[in-house]
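Residue strings, one per chain:
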Amino acid sequence: MASSLKNLSDFGNMEIPNGSDMKIGIVVAQWNKEITDALFQGAKQTLLKHEVKEDNIISISVPGTFELTLGAQNLLEYTDVDAVIVLGCVIQGDTRHFDFICQSVTQGVTDLNIKYNQPVIFGVLTTNNLEQAQERCGGKLGNKGDEAAVTAIQMVYTQKQLRDNYLENFPID
Ligand code: DLZ
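Residues numbered from 1 in each chain as written. Predicted model: local features only at pLDDT ≥ 70, side-chain atom pairs only at ≥ 80, totals over all residues. Heavy atoms only, no water.

Engineer: Could you clarify how one ought to interpret the packing of helix H2 (residues 68-78) against helix H3 (residues 97-116) in this entry?
Structural biologist: When two helices pack together, their arrangement is given by the angle between their axes and by how far apart the axes lie. Across the interface, H2 lies against H3 with an axial gap of 9 Å and an inter-helix angle of 15°. On the basis of the axis angle, H2 is roughly parallel to H3. Of the two elements, H2 crosses H3, and the hand of that crossing is right-handed. Two secondary-structure elements touch here, H2 through Leu-68, Thr-69, Ala-72, Gln-73, Leu-76 and Glu-77 and H3 through Ser-104, Val-105, Gly-108, Val-109, Leu-112, Lys-115 and Tyr-116. Each residue belonging to the contact of H2 with H3 can be placed in one class, and the counts come to 7 nonpolar, 4 polar and 2 charged. (Axes fitted to C-alpha atoms, helices over the stretch in contact; angles between N-to-C directions. Helix = DSSP H or I, 4+ residues; strand = E, 2+ residues; numbered from the N terminus. Parallel < 35°, antiparallel > 145°, perpendicular 65-115°, else oblique. Left-handed = near helix turned anticlockwise from the far one by under 90°. Contact = heavy atoms within 4.5 Å. Nonpolar A, V, L, I, M, F, W, Y, C, P; charged D, E, K, R; others polar.)

Next comes the structure, spelled out in structure tokens:
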């Protein structure tokens, strides 16, 4: 679990499916913009690397991490994306705001996965300080945007496989 042991951009020997037939939405929070811009660049470059077409990457921005859930819901509701990645960065402060935002977005994203039966990928950094966030958006611990992009591709692939195989074996008249 501890990300200090893992580089977020290192996928080892993992087989990563080809994304050329996938459409992916990305919602980016504008709070801590220096960090979330870097997360976005990581996610986008990783999607392109795995052959998701640039025209099939649809991105929108929202004010803060709290708004990521509604941003993702809007993409699921009004576009034909196969998956949505939410990118944000919440840094622990002196008050309990951190806890409420983290709790809200975690539950919100979980609920969307179930409600839409589509992958909504959690690319939110929740750190004690700015330095920890910098390490995880392209620093020495990799980029959580890369990890989120690979996760999106894997989840879309798995879901397509299940749908295609099910229809092949149990065709609907
Ligand atoms: C208000 C707030 C605070 C204190 N901290 C963060 C943060 O570290 N990261 C982040 O993405 N957003 C923060 N916000 C803004 C909230 O997410 C939200 O945009 C506002 O509360 C308005 O709903």
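What follows continues from the structure just given.
Engineer: Help me out: how do you make sense of the pattern of salt bridges in this one?
Structural biologist: When the charged atoms of two side chains with opposite charge come close together, those side chains can pair. If you walk through the whole model with that rule in mind, you get 8 salt bridges. The salt bridge partner of Lys-44 is Glu-54, with a shortest N-O separation of 2.9 Å. With a gap of 10 residues between them, Lys-44 in helix H1 (residues 33-49) and Glu-54 in the loop between H1 and strand S2 (57-62) connect regions that are remote in the sequence. Looking at Lys-44, the relative accessible area reads 19%, which means it is buried. What you see here is one network of salt bridges that share partners, running through Glu-135, Arg-136 and Lys-140. (Salt bridge = Lys/Arg side-chain N within 4 Å of Asp/Glu carboxyl O. Buried < 20%, exposed > 50% of the residue type's maximum accessible area, 1.4 Å probe, protein only.)

Engineer: Honestly, the layout of surface pockets in this entry has me stumped. Any pointers?
Structural biologist: If a probe as big as a water molecule is rolled over the atoms, it shows which places are left empty. Looking at the second largest pocket, its volume works out to about 290 Å³. In terms of lining, the second largest pocket is formed by 15 residues, of which the most central are Trp-31, Cys-89, Val-90, His-97 and Ile-101. Residue assignment for the lining of the second largest pocket shows that the elements contributing at least two residues are strand S3 (83-91) and H3. Residue composition of the lining of the second largest pocket, grouped by class: 8 nonpolar, 6 polar and 1 charged. (1 Å grid on protein atoms, 1.4 Å probe; cavity = no way out; pocket = protein on both sides within 12 Å on 5 of 7 lines; lining within 4 Å. Points joined across faces, edges and corners; volume = space filled by probe spheres on them.)

Engineer: Hey, could you run me through the sheet that holds S2 in this one?
Structural biologist: In sheet architecture, strand pairing relies on hydrogen bonds along the backbone and comes in two forms, parallel and antiparallel. In space, the 4 strands of this open sheet follow the order S2-S1-S3-S4, with parallel pairing throughout. Edge positions in the sheet fall to S2 and strand S4 (120-127), since each has one partner strand and no second. When the angles between neighbouring strand axes are averaged without regard to direction, this sheet yields 15°. Where strand S1 (residues 24-29) lies against S3, 5 bridges are found, and the strand directions are parallel. Across the sheet, residue Gly-25 finds its bridge partner in S3, namely Val-84. Docked against the sheet, H1 engages S1, S2, S3 and S4, running at close to 155° with respect to S3. Against the sheet, H2 engages S1, S2, S3 and S4, with an angle of about 155° to S1. (Pairing = 2+ DSSP bridges.)

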